[in-house]
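Below, each chain spelled out in residue letters.
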Amino acid sequence: RIPKPVRGLRMLVRLRTRDGTERLSVPDDVLRAGDLRALIADAFAVPIRDQLLSTNQALLTAHDDALAPFRAEFADDNALLSALGVTHGAMLFMRYTVERKATVQQVKANVQRFGAKMTVDDLVAKQIRIERQDQPVCASVSFERAAANQFQGYIGAALGFRIMRCGIMFGTVDAQTKEVKVDTIYEPPQPHNNEYDILCEHENTEEWKRVQAVAKLLGLEEVGCIFSQTARNEDDDFTVSSHEITRMAVWQSAARRRRKAESTSGEDVDDLYVTAVVKRDDGGDVHFEAFQCSTQFVDLCERGVIVDPRTPGKALVVPGIGDGDEAMAAATSADETETAAASASASEDAPAGAAGTVFTTRDVMVGIKDVREVDNDWFVVPVKILDHVHPLLTSLFAVENRLTPCGPAELKDHLQLCRGKPFAEALADFHILLFLSAHFDLATDMALLVDAVMQKGTVLDGYKTIVEAIAGCA
């Protein structure tokens, strides 16, 4: 027998009748009014023809001869639930004539025997207390000077800090000292009209596969991300915005799980992923800063406790963890579920100046207060910045995916600039090797090319001829 597919939970809906309030779990394949009616009939034994649904509480107190206006609301069985305002946490009102009792809700809770008492420790354990993380997990991050200047220079000279720009940092990690070195920065494809969010969907592209392959050949791994901040209003005194910190947390979570998967022991590993922020102050000076999200904030994002600022009213979805609404339901108790969505939707009404705060799907404690809005600075941990010069790699070649060209003509100019140097030294640039990886086989040719670069050896004549032909030098 072929097993039936598992139906995923899309949302929880509260159903209030004259007999009481009940919760209805709505699977992800229930999208239309007719589907919802059938689900209610199956769950609560109310025949479809006897159901009268509305989003208006007045339905429950209306006289029988005044029900006509309510009948039209859910009359079309093909109407989408989203168009009718039925979303996660919504309250619906139902009227019927059959006699029944409200279904007893099965609440997952620790039922204590009569006379048992809840201690203060038990009560505290059920709370989420927001705490500052005084020290980062990462001891320091050192930036290769030329790579950092290459990124910073483009942001200032070409974009004038009017558009957000992000990059993925590659380097090395010392697991013992917890020190991170950034040796090069890859800039993925991204829009050139973005002012407030980090947008770069690169992980499923062919170029990203080549980036990872070239980095691995060079002995580098992904160690962090970097982005620039655009000019802000004078009243915006926060370090990072809600859009930025949630993006940081998603990347940090992915890196932590990736490092754990690569660990031979399978045990938890130190969270050493770093985010660098480049910004310009009112005086025109450019500042480089490095941060980590606190471990607590990453955990809260993974548990569905943080509202996604991009989709107000929805819990943040961390890829690889699960659906945000399911995580929200899991993060709250049964009693809290019916108010969690309403709390999350409060972010829809957030003022423009509230970009320096994140909203939560349940009450959290900040100090001695229960709140559902927390300042971002509670979750940001500064990291010490150092700099270094890579003994081999340079950052002279044109960078990919910019408004400026990066092609054969730029390769030709670079080779002419390096005339007189060993050919392997001329190719000792991550961005050149990435450009060439589109023309050579990664497993064989690129491996030999990178090996010659790393060993400061001799590039085979055949490869040299091909590179010069690509550049138009032949």
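That block above? That's the structure.
Residues numbered from 1 in each chain as written. Predicted model: local features only at pLDDT ≥ 70, side-chain atom pairs only at ≥ 80, totals over all residues. Heavy atoms only, no water.

All right, on to the sheet that holds strand β10 (residues 286-293) then. In space, the eight strands of this open sheet follow the order β13-β10-β9-β8-β6-β7-β5-β14, with mixed pairing throughout. Strands with a single pairing partner mark the edges of an open sheet, and in this sheet they are β13 (380-382) and β14 (384-388). Adjacent strand axes in the sheet meet at a mean angle of 35 degrees, parallel and antiparallel pairs treated alike. Examined bridge by bridge, strand β9 (residues 274-280) and β10 share six bridges and lie antiparallel to one another. Across the sheet, residue K279 finds its bridge partner in β10, namely H287. Against the sheet, helix α5 (residues 206-217) engages β6 (166-174), β7 (179-186) and β8 (221-228), with an angle of about 25 degrees to β6. (Pairing = 2+ DSSP bridges. Helix = DSSP H or I, 4+ residues; strand = E, 2+ residues; numbered from the N terminus. Axes fitted to C-alpha atoms, helices over the stretch in contact; angles between N-to-C directions. Contact = heavy atoms within 4.5 Å.)

Further remarks concern the packing of aromatic side chains. The geometry of an aromatic ring pair comes down to the distance between the two centres and the angle between the two planes. Taken as a whole and judged by the stated rule, the model has seven aromatic pairs. Pairing F170 with W208 gives two aromatic rings, centres 6.0 Å apart and planes at 45 degrees, and the pair type is tilted. Of the two residues, F170 sits in strand β6 while W208 sits in helix α5, which places them 38 residues apart along the sequence. Like W208, F170 is buried. (Phe/Tyr/Trp six-rings, centres within 6.5 Å; stacked < 30°, edge-to-face > 60°. Buried < 20%, exposed > 50% of the residue type's maximum accessible area, 1.4 Å probe, protein only.)

Let's shift gears to the pattern of salt bridges. Pairing is possible between side chains of opposite charge, provided their charged atoms come close. In the structure shown here, the tally under the stated rule is 14 salt bridges. Note that R95 and D64 form a salt bridge whose closest N and O atoms lie 2.6 Å from each other. You can see R95 sitting in strand β4 (residues 91-95) and its partner D64 sitting in the loop between β3 (52-54) and α2 (68-71), a full 31 residues away along the chain. The exposure class assigned to R95 is buried, which follows from its relative accessible area of 10%. Salt-bridge contacts for E206 lead to K209; the nearest nitrogen and oxygen are separated by 3.4 Å. Of this pair, E206 and K209 are both found in helix α5, three residues apart, which corresponds to roughly one turn of the helix. Since its relative accessible area comes to 47%, K209 is described here as partly exposed. Ionic contacts of the salt-bridge type, sharing partners, join the residues R165, E187 and R402 into one network. (Salt bridge = Lys/Arg side-chain N within 4 Å of Asp/Glu carboxyl O.)

Relative to each other, helix α10 (residues 408-417) and helix α14 (residues 461-471) sit at 120 degrees, their axes nearing to 7 Å. Classified by the angle their axes make, α10 and α14 are oblique. Of the residues in α14, those touching α10 at P408, L411, K412 and L415 are V467, I470 and A471. Partitioned by chemical class, the residues of the contact of α10 with α14 number six nonpolar, no polar and one charged. (Parallel < 35°, antiparallel > 145°, perpendicular 65-115°, else oblique. Nonpolar A, V, L, I, M, F, W, Y, C, P; charged D, E, K, R; others polar.)

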